[in-house]
Amino acid sequence: MAATAAVGLGFGSGTADAATYTLPPVNAKFDYQIGAPYTPPAGVQVVSRDRTVAPAAGLYNICYVNVFQTQPDEIAWWQANHDDLLLRDGDGEYVIDGDWGENLIDVSTAAKRTAVAAIVNGWIDGCATKGFKAVEPDNIDSYDRSDGLLTKANAIALLKLIAKHAHDKGLAIAQKNTTDLGTAGKAAGLDFAVAEECGRYSECGDYTAVYGNNVIAIEYTKSAFTKACRSHGSALSIVLRDVNVTAPGSGTYKYDAC
């Protein structure tokens, strides 16, 4: 059963309206489609899709948003419109996540976090308008790839800004990965977890310790998927996907759920 929460929005008169948002149903069959959208397998109730595409009809849809890094195909847009928000090192060179070819976003100051939040919150508005029910902000842990230029506290401060906005728009919001947050993500307003490879790295319990069974897990190897299903499959949504999250017919597509 999905959990529903309410956030009070206070006004000067002392009255308050309540924006309600619903968490994904616990232990529901899930599909991770942030790479390419397609008709979900039979029985799927929850889907994650990129913010640029439409949600899957009739299902609980989570809106993937790359908050702390750029999407590779959006770097030119950032350079043209918000170059000051791209993180640079002491030599003035862009700081890049080499594994994915993504620029890190500079969230090192309150002013920059406010500017980034304005952009991201516009994307969240789009998620709400399209009919998504939750937001999945990615690369929270980019501070670990920042050569010491960013901190966990910087990330948490931005999460507070976007979590409030998501709730105000009637959307739940996930902690994406980053067991290093401990309970700080939940304290910042995050509602559930989307965890990649928690089975592989024996981290699923770290997420359930904070979010209970409101955890969605994605594994990219059969052995890790089997391990996660054995340890948490009776309680959590766990899926096996190919690492590039491709669509059926790609040649690399794989999907399984427990």
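Each remark here, short or long, concerns the structure printed above.
Here is what the cut-offs are and how they apply
Residues numbered from 1 in each chain as written. Predicted model: local features only at pLDDT ≥ 70, side-chain atom pairs only at ≥ 80, totals over all residues. Heavy atoms only, no water. Buried < 20%, exposed > 50% of the residue type's maximum accessible area, 1.4 Å probe, protein only. Helix = DSSP H or I, 4+ residues; strand = E, 2+ residues; numbered from the N terminus. Pairing = 2+ DSSP bridges. Right-handed = clockwise from strand over helix to strand, strands pointing away. 1 Å grid on protein atoms, 1.4 Å probe; cavity = no way out; pocket = protein on both sides within 12 Å on 5 of 7 lines; lining within 4 Å. Points joined across faces, edges and corners; volume = space filled by probe spheres on them. Nonpolar A, V, L, I, M, F, W, Y, C, P; charged D, E, K, R; others polar. Lys, Arg positive; Asp, Glu negative; His and termini not counted. Salt bridge = Lys/Arg side-chain N within 4 Å of Asp/Glu carboxyl O. Polar contact = N/O pair within 3.5 Å; in protein donor to acceptor, adjacent residues only side chain to side chain.

Enquirer: I'm lost on the pairing of strand β9 (residues 172–176) in this one. Help?
Expert: In regular strands, side chains alternate between the two faces of the sheet. Within β9, five of the five residues are buried, leaving the element largely enclosed by the surrounding structure. Burial along β9 is two-sided: the residues A172, A174 and K176 and I173 and Q175 are all buried. Sheet analysis places strand β8 (residues 134–138) next to β9, joined by two bridges and oriented parallel. Each residue of the ladder has a partner; that of A134, found in β9, is A172. In terms of handedness, the path from β8 via helix α3 (residues 152–168) over to β9 forms a crossover that is right-handed.

Enquirer: How do you make sense of the layout of surface pockets when you look at a structure like this?
Expert: Rolling a probe over the atoms, with the probe sized like a water molecule, indicates the empty space that remains. Of the pockets and cavities examined, the largest pocket occupies roughly 1,000 Å³. Around the largest pocket, the lining is made up of 39 residues, and of these W100, D138, N139, K176 and E196 lie nearest the centre. For the lining of the largest pocket, the secondary structure elements donating two or more residues are β3 (30–33) and β5 (60–66). Each residue belonging to the lining of the largest pocket can be placed in one class, and the counts come to 14 nonpolar, eleven polar and 14 charged.

Enquirer: Mind showing me how you'd approach the side chain of R49 here?
Expert: By the element assignment, R49 lies in strand β4 (residues 46–50). Buried charge without a salt bridge: R49, with D31 as the nearest opposite-charge side chain at an N-O distance of 7.2 Å. Looking at R49, its side chain comes within polar contact range of the side chain of Q33, at 2.9 Å.

Enquirer: For this particular structure, what's the right way to read unusual backbone geometry?
Expert: Most of the time, phi is negative for any residue but glycine, and the peptide bond is trans. Unusually for a residue other than glycine, D147 sits at a positive phi of about 55 degrees. Inspection of the secondary structure assignment puts D147 in the loop between β8 and α3. Classification of D147 by relative accessible area gives exposed; the value is 67%. The phi torsion at T178 lies on the positive side, around 70 degrees, for a residue other than glycine. Considering the arrangement of structural elements, one finds T178 in the loop between β9 and α4 (184–187).

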